[in-house]
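Below, each chain spelled out in residue letters.
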Amino acid sequence: MTFVSALALSIGVFLLLGGNFSKTLSQRLLLLNGKNKERKGPKRTPGKGAWVTKQSMLLLGWSPRTVRIASAILAVMLGGLWFILTRNVVSGVLMGIMGWQVPGIAAEVRAAGMLNAQVRQVSTFVGTFADNLETGKPVGQAIDEAARSITGPPLKDSADLVVRRLKGGSDVADALRAMSDRLNMPTWDLFVDMVTLNQKVRKSPQIFRNLDWQLQELEMVQVEFRTSISGIMAFIIGFFGIIVAAGPVEALVDPALWKYVTQHLSFIPLGTTAIAVILLGGIRKYSRLKVAI
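To start, this report covers the structure provided alongside it.

Cut-offs and rules
- Residues numbered from 1 in each chain as written.
- Predicted model: local features only at pLDDT ≥ 70, side-chain atom pairs only at ≥ 80, totals over all residues.
- Heavy atoms only, no water.
- Helix = DSSP H or I, 4+ residues; strand = E, 2+ residues; numbered from the N terminus.
- Contact = heavy atoms within 4.5 Å.
- Areas by Shrake-Rupley, 256 points an atom, 1.4 Å probe, with all protein chains shown as cover.
- Core = buried A, V, L, I, M, F, W, Y, C linked by side-chain atoms within 4.5 Å.
- Buried < 20%, exposed > 50% of the residue type's maximum accessible area, 1.4 Å probe, protein only.
- Patch = residues over 30% accessible without salt bridge, like charges linked within 9 Å, V, L, I, M, F, W, Y side chains within 5 Å.
- Salt bridge = Lys/Arg side-chain N within 4 Å of Asp/Glu carboxyl O.
- Expected span 1.5 Å × (residues − 1).
- Bend = angle between axes of the 7 residues up to and from the residue.
- Polar contact = N/O pair within 3.5 Å; in protein donor to acceptor, adjacent residues only side chain to side chain.
- Arc of directions from axis to C-beta.
- Axes fitted to C-alpha atoms, helices over the stretch in contact; angles between N-to-C directions.
- Parallel < 35°, antiparallel > 145°, perpendicular 65-115°, else oblique.
- Left-handed = near helix turned anticlockwise from the far one by under 90°.
- Phe/Tyr/Trp six-rings, centres within 6.5 Å; stacked < 30°, edge-to-face > 60°.

1. A short note on the overall build of the protein chain
In terms of regular secondary structure, the protein chain is built from 12 helices and zero strands. The order of α-helices and β-strands along the protein chain, N terminus first, is α-α-α-α-α-α-α-α-α-α-α-α. Sequence-distant contacts in the protein chain: of pairs separated by 6 or more residues, those separated by 24 or more amount to 75%. Approximately 15400 Å² of the protein chain is accessible, and the part contributed by carbon and sulfur atoms is 63%.

So this is what it looks like as structure tokens:
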């Protein structure tokens, strides 16, 4: 009875948290940032899971081939160990499917953290540029000061390249594209366009200050959403951990009972593994959503 109740509760939590909440987040983010995204051509929705994972690996500089090898190794190891534990081929295959997804989830979680840092650093760059422009410094010097304000990863190397290009006599817009190659951020492309236009037609520095405020707002919104998503992921991971750990713990505490279960009540470990797969699907959904926003 306890087992059935736990399964029902887990399914209910997944369906509750895996449906309407993620749709609501996606809709709100599209409303907040939809106009900027239209500048970049066709929209990519958070539901394009494979694209999100690919972009995560690209952002981190991870080799897709290496990730696939790691996925295959984890799938074989975890699937084999789970087969030995449960003595059930289907359970072993299901655990192998979960093992295959682990490297992708790791890439998505790390990429989400890096994206937070990128938005923060772009906001710092634009804010520093606006500060220098307001004091009367020329655009090139303001860009140089803004690039030097980036002192850590993930954009330090790109910012250093901006400084080197400016010293080498490159045009300001060309120098800024050193960071455009790293970023996939419509707001940054808008900033580069505004700087290029400002060189041709002198505009008030206030337009860059307004962009700085928009970036700060975007940063706050993304941090808020990613924090909320992390809390929900932790909640689902807790249920996932309980379900996955139940079998090994039972096998260690009462081997005789576990042997009886695997021989005569094989539907229990099979059902437990199936629910774990569903919960991992919820974790994967939110890990991708953290990157997609």
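2. Observations regarding the nonpolar core
If you look at the biggest cluster of nonpolar residues, it comprises 34 residues, and the most contacted ones within it are Phe-125, Phe-129, Ile-143, Leu-176, Trp-188 and Phe-191. Those elements that provide at least two residues to this core are helix H5 (89–134), helix H6 (139–148), helix H7 (156–167), helix H8 (172–180), helix H9 (186–200) and helix H10 (206–253). In terms of residue count, the dominant contributor to this core is H5 (seven residues). By size, the runner-up hydrophobic cluster in this structure holds 23 residues, among which are Ile-105, Ile-275, Leu-279 and Leu-289.

3. Regarding a nonpolar patch on the surface
Side chains of Ile-69, Ile-73, Met-77, Leu-78, Leu-81, Phe-83, Ile-84, Val-89, Val-93, Ile-97 and Val-102 sit close together on the surface and give an oily, nonpolar patch of about 990 Å² of accessible area. Looking at which element gives the most residues to the nonpolar patch, the answer is helix H4 (residues 64–86), with seven residues. Position of Ile-73 among the secondary structure elements: in helix H4.

4. Overview of H5
End to end, H5 covers 68 Å across 46 residues, agreeing with the expected 68 Å (1.5 Å per residue, within 8%). Most pronounced at Val-102, the bend in H5 amounts to some 30°, and the proline Pro-103 follows within four residues. Backbone nitrogen of Val-90 and a side-chain oxygen of the N-cap are separated by 3.0 Å at the start of H5; the cap is Asn-88. At the C-terminal side of H5, Gly-136 shows a positive phi close to 95°.

5. Section: helix H11 (residues 255–264)
Every α-helical turn comprises 3.6 residues, leaving residues that sit three or four positions apart pointing alike. All of the buried residues along H11 are Trp-258, Val-261 and Thr-262. The buried residues of H11 occupy one face: seen down the axis, they fall within an arc of 90°. Exposed positions of H11 whose direction lies more than 90 degrees from the buried face are Ala-256 and His-264. Packed against the buried residues of H11 are H4, H10 and helix H12 (267–292).

6. Details of unusual backbone geometry
With an omega dihedral of 10°, the bond running from Pro-153 to Pro-154 counts as a cis peptide bond. Counting through the fold element by element, Pro-154 comes out in the loop between H6 and H7. Phi at Arg-87 is positive, roughly 55°, even though this residue is not glycine. Here Arg-87 shows up in the loop between H4 and H5.

7. Re the environment of Gln-55
Tracing the sequence through the fold places Gln-55 in helix H3 (residues 49–60). The exposure class assigned to Gln-55 is partly exposed, which follows from its relative accessible area of 24%. On a C-alpha basis, the gap between Gln-55 and Ala-111 in space is 8.6 Å, while along the polypeptide they are 56 residues apart.

8. So, the packing of H10 against H12
Between two packed helices, what matters for the description is the angle formed by their axes and the separation of those axes. Two elements in contact, H10 and H12, have axes whose closest approach is 9 Å; the angle formed by their N-to-C orientations is 165°. The angle between H10 and H12 places the two elements in the roughly antiparallel class. Helix-helix and strand crossings are classified by hand; for H10 and H12 the assignment is left-handed. Side by side, H10 and H12 meet where Arg-226, Ile-229, Ser-230, Ile-232, Met-233, Ile-236, Ile-237, Phe-239, Phe-240, Ile-243 and Val-244 of the first sit next to Thr-272, Ile-275, Ala-276, Leu-279, Leu-280, Ile-283, Tyr-286, Ser-287, Leu-289, Lys-290 and Val-291 of the second.

9. Quick notes on the packing of aromatic side chains
Inspection of the entire model under this criterion finds seven aromatic pairs. Ring geometry for Phe-235 against Phe-239: centres 5.2 Å apart, planes inclined by 75°, an arrangement best described as edge-to-face. Here Phe-239 and Phe-235 lie together in helix H10, a separation of four residues that amounts to about one turn. Among the aromatic side chains, those forming a connected cluster through ring pairs are Phe-125, Phe-129, Trp-188, Phe-191 and Phe-208.

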